[in-house]
Amino acid sequence: MTAPDPDPNIVSRPFPNAEVPVPPARPVRRITALVLSGFLWGCSQLPSGESPAPVEPAAIAFLDTLQQRTFGYFWQLSDPRTGLTPDRAPTRSFASIAAVGFALTAYPVGAERGYVTRTQAAERVLTTLKFFWNAPQGPEPSGRTGHQGFFYHFLDMETGTRFETVELSTIDTALLLGGALFCQMYFDGSGETEVAIRAYVDSIYGRVDWTWAQPRPPLVTMGWYPEQGFHHLDWRGYNEAMLLYVLALGSPTHPIGDGAWEAWSSTYTWGTFEGREQVGFAPLFGHQYSHVWIDFRGIRDAYMRGRGIDYFENARRATLSQRDYGARNPDGWRAYSDSIWGWTASDGPADATLTLDGRERRFFTYRARGISYNEVTDDGTIVPTAAGGSIPFAPRETIGALMAMRRTYGEPLFSTYGFLDAFNPTFLADVPLQHGRLVPGVAWFDTDYLGIDQGPILLMAENYRSELIWKYMRRHPAIIRGLRRAGFSGGWLDQAAPTP
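The structure reproduced in this document is the subject of the present report. Predicted, not measured: the structure shown is a model, and the values here were computed from it.

Attention now moves to the pairing of strand β13 (residues 359-363). The side chains of a regular strand alternate between both faces of the sheet. Note: strand β12 (residues 352-356) against β13, five bridges, orientation antiparallel. Residue Thr355 lies in a different strand from β13, and its bridge partner there is Glu360. Connecting β12 to the antiparallel partner β13 that follows it, the hairpin turn spans two residues, and Asp357 within it adopts a positive phi of roughly 55°.

Evaluated as defined, the whole model comprises 46 aromatic pairs. Plain terms: the ring middles of Phe182 and Tyr186 are 6.0 Å apart, the flat faces sit at 45° to each other, and that makes the pair tilted. Taken together, the residues span about one helical turn, with Phe182 and Tyr186 both in helix α5 (residues 170-186) at a distance of four residues. Note on accessibility: Phe182 and Tyr186 belong to one class, buried. One aromatic cluster is present, built from ring pairs that chain together Tyr238, Tyr245, Trp261, Trp264, Tyr268, Phe296, Tyr303, Tyr311 and Phe488. Here the guanidinium or amino end of Arg361 rests over the ring plane of Trp333, the centre of that ring lying 3.9 Å away. Over the ring of Phe364 we find Arg367; its NZ or CZ atom is 4.0 Å from the centre of that ring.

Reading across the sheet, the five strands line up as β3-β4-β6-β7-β8 and stay open at both edges, with antiparallel pairing between neighbours. On the outer flanks of this sheet lie β3 (146-147) and β8 (229-230), each paired with one strand and no other. Relative to β8, strand β7 (residues 223-225) runs antiparallel, the two being bridged by two bridges. Residue Tyr225 lies in a different strand from β8, and its bridge partner there is Gly229.

Time to look at the nonpolar core. Phe132, Trp210, Tyr245, Trp261 and Leu483 are the most contacted members of the largest nonpolar core, which totals 113 residues. Considering every element that reaches this core, the biggest residue donor is α5, with eleven residues. In contact with Phe132, not counting residues within four places along its chain, are Leu84, Ile97, Val100, Phe151, Leu155, Leu176, Ile204 and Arg207.

Backbone hydrogen bonds hold the strands of a sheet together, and the pairing may be parallel or antiparallel. The strand order across the open sheet formed by three strands is β19-β21-β20, and the pairing between neighbours is antiparallel. A strand with exactly one partner marks an edge of an open sheet, and here the two such strands are β19 (423-424) and β20 (437-439). Pairing of β19 with strand β21 (residues 443-445) involves two bridges; the strand directions are antiparallel. Pairing of Phe423 across the sheet is with Phe445, part of β21.

Along the chain, Thr105 turns up in helix α3 (residues 97-113). At a separation of 2.8 Å, a polar atom in the side chain of Thr105 contacts the main-chain carbonyl oxygen of Gly101. In contact with Thr105, other than residues within four places in its own chain, are Gly179, Phe182, Trp293, Leu459 and Ile469.

As a further point, take the layout of surface pockets. In this structure, the largest pocket encloses a volume near 560 Å³. In terms of lining, the largest pocket is formed by 29 residues, of which the most central are His153, Glu240, Phe285, Tyr366 and Ile452. Looking at the lining of the largest pocket, the elements that each hand over two or more residues are α5, β7, α9 (285-293) and α14 (451-466). When residues in the lining of the largest pocket are grouped by element, the largest group, three residues, is from α5.

Before going further, it helps to examine the pattern of salt bridges. Here the structure, examined in full by the defined rule, presents 25 salt bridges. The shortest N-O distance in the salt bridge between Arg465 and Asp64 comes to 3.0 Å. Residue Arg465 is found in helix α14, and its partner Asp64 is found in helix α2 (residues 57-77); the two are separated by 401 residues along the sequence. Owing to a relative accessible area of 6%, Arg465 belongs among the buried residues under this scheme. In this structure, the salt-bridge partner of Arg317 is Glu313, at a minimum N-O distance of 2.8 Å. Highlighted residues: Arg317 and Glu313, both in helix α11 (residues 311-328), separated by four residues, approximately one helical turn. We classify Arg317 as buried; its relative accessible area is 18%. Classification of Glu313 as buried rests on a relative accessible area of 9%. A single network of salt bridges, built from pairs that share partners, joins Arg276, Arg323, Asp324, Arg396 and Glu397.

Conventions used here
- Residues numbered from 1 in each chain as written.
- Predicted model: local features only at pLDDT ≥ 70, side-chain atom pairs only at ≥ 80, totals over all residues.
- Heavy atoms only, no water.
- Pairing = 2+ DSSP bridges.
- Helix = DSSP H or I, 4+ residues; strand = E, 2+ residues; numbered from the N terminus.
- Phe/Tyr/Trp six-rings, centres within 6.5 Å; stacked < 30°, edge-to-face > 60°.
- Buried < 20%, exposed > 50% of the residue type's maximum accessible area, 1.4 Å probe, protein only.
- Lys NZ or Arg CZ within 6 Å of the ring centre and 35° of its normal.
- Core = buried A, V, L, I, M, F, W, Y, C linked by side-chain atoms within 4.5 Å.
- Contact = heavy atoms within 4.5 Å.
- Polar contact = N/O pair within 3.5 Å; in protein donor to acceptor, adjacent residues only side chain to side chain.
- 1 Å grid on protein atoms, 1.4 Å probe; cavity = no way out; pocket = protein on both sides within 12 Å on 5 of 7 lines; lining within 4 Å.
- Points joined across faces, edges and corners; volume = space filled by probe spheres on them.
- Salt bridge = Lys/Arg side-chain N within 4 Å of Asp/Glu carboxyl O.

Nothing here speaks to function; it is all geometry.
In structure tokens, the structure reads:
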């Protein structure tokens, strides 16, 4: 079935006065060393004793290059007819709805930085939103893009419908919505395209039935399959689902009930890793994804008030703990140091156990790699997005690591769209590879870029440099409402406008 045209009145509109004059075009940011002095390395969340070094002009140039190349992944590879973004490239792949969420968020960044015009960005966003609104929804196992307002994790790049037998994904739908809601706030003009963007986002977000996705309330399920029903697991513990719960609590049409955030956060674990107390989640993407769209600086829920920190500080601790683990290198992996480090979900060289230098080593292909007090999944594979997606949390350490990776490994690691997904300096065995390539005597290098890893690099670099995404999302009624219903208070949230 095909959805009707979007109803602009489906939810309370964040922009009721569509007839207001179009604001003047935003100038491209030409960020200079003078403007950034004391800021590029700086961070208000850094405690005394960990003050950053002065700004380096080379770091500014590096971030300019990194962001522009990474933006190219989304702009050049997303299908201009549908807005669908490939899960990976250049290997031919299905579309990832999470990658589409990162792409939607990337387009305004490209407009602000002058990679594309505002008009071009708005047109691409509108094309994407129209596709997702009109794509067929329903309980049938094939020929559908989603059900109950949610979308399947992966979609066929040609047909835009469910890829094979993947699940209807609540978290990937949330990541898609994060991008859509940011576009709704950013494209605030009165022209036809920007008005339509806001209306389509209203309709897409308002259609999502979060209460349907609660077979075991108050928690939200991880997914649903038409063949077998709901996934047997719910979203528990600290991870990337912070965004999901905020959006579900903030929904103006199908909000989940009170108690969901408390039930979810009650499953956290607290421990110490590399000398830093923190809520643990081993892969860094769990500390990064929600922070792309929500500024957690200075706001706290009941759990974090009890610990005396906020989620931003927690992510900073997790990032620096990984850096310190790399410097310590307890398992003796090749090339680890305080400037070559970073672990999160990524590609890897092979599913194999090899004896190297008299020591048995286990390697993996795609894996949720990560380092924390509650889990160490490490096969010598280093993942650039682990540092790149954490730039705002620890700018000196993360930007320094990214620059060191590029300087050390060059084109095999840093190419057309910025950083390839992963590399492994320990894996030097001359064995058949399932993926990537081996540079003899140097490392195994991935030959693919992954959309869900490209996104955090580009977008967290932008949040660090200009707070672009954060400052718009701090005004979105759904984000404000969701955070308040979750029990957050303090900082910018106390100054935000009331919501219905």
